[in-house]
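Fold and geometry: a report
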Amino acid sequence: MIYKLCMRYTFNNSDVEDNYIEVLTNMYKYIETYNPERSIQTWLHIVTKRCAVSYTHLRAHETSLH
């Protein structure tokens, strides 16, 4: 599920693997933000989308600087 979401929210296909690793790392670091009273799937989706889009924009900005 997480990998498929990374594919969906990553604009450049060559960055999917990198975003996937970053998303998993981010989830591990911030797992305490998950509220067990809510759906885990919703939390996973939100975290994945935010992280993948953020890293995609960061890479685009870095590329434009070079």
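Look up a bit, the structure's there.
Residues numbered from 1 in each chain as written. Predicted model: local features only at pLDDT ≥ 70, side-chain atom pairs only at ≥ 80, totals over all residues. Heavy atoms only, no water.

Description of the nonpolar core
Let me state the cut-off plainly: Take the buried residues of types Ala, Val, Leu, Ile, Met, Phe, Trp, Tyr and Cys, join any two whose side-chain atoms come within 4.5 Å, and each joined set is a nonpolar core. For every residue, the accessible area (1.4 Å probe, protein chains only) is compared with the maximum for its type, and the residue is labelled buried under 20%, exposed over 50%, or partly exposed between those bounds. Helix and strand assignments follow DSSP, with helices taken as H or I runs no shorter than four residues and strands as E runs no shorter than two, numbered in order from the N terminus. Contacts are assigned to residue pairs with any non-hydrogen atoms lying within 4.5 Å of each other.
Within the largest apolar cluster, nine residues are counted, these being Ile2, Cys6, Val16, Val23, Met27, Trp43, Leu44, Val47 and Cys51. Contributions of two or more residues to this core are made by α1 (2-9), α2 (16-29) and α3 (40-65). In terms of residue count, α3 provides more of this core than any other element does, four residues in total. Apart from the residues within four sequence positions on either side, Val47 is in contact with Asn26 and Met27.

Overview of the pattern of salt bridges
Put simply, the rule is: Salt bridges are defined by distance alone: a side-chain nitrogen of Lys or Arg within 4 Å of a carboxyl oxygen of Asp or Glu.
Applying the stated rule across the entire model yields one salt bridge. Arg59 serves as the salt-bridge partner of Asp15, at 3.9 Å between the closest nitrogen and oxygen. Of the two residues, Asp15 sits in the loop between α1 and α2 while Arg59 sits in helix α3, which places them 44 residues apart along the sequence.

By themselves, these are just geometric observations and shouldn't be taken as functional.
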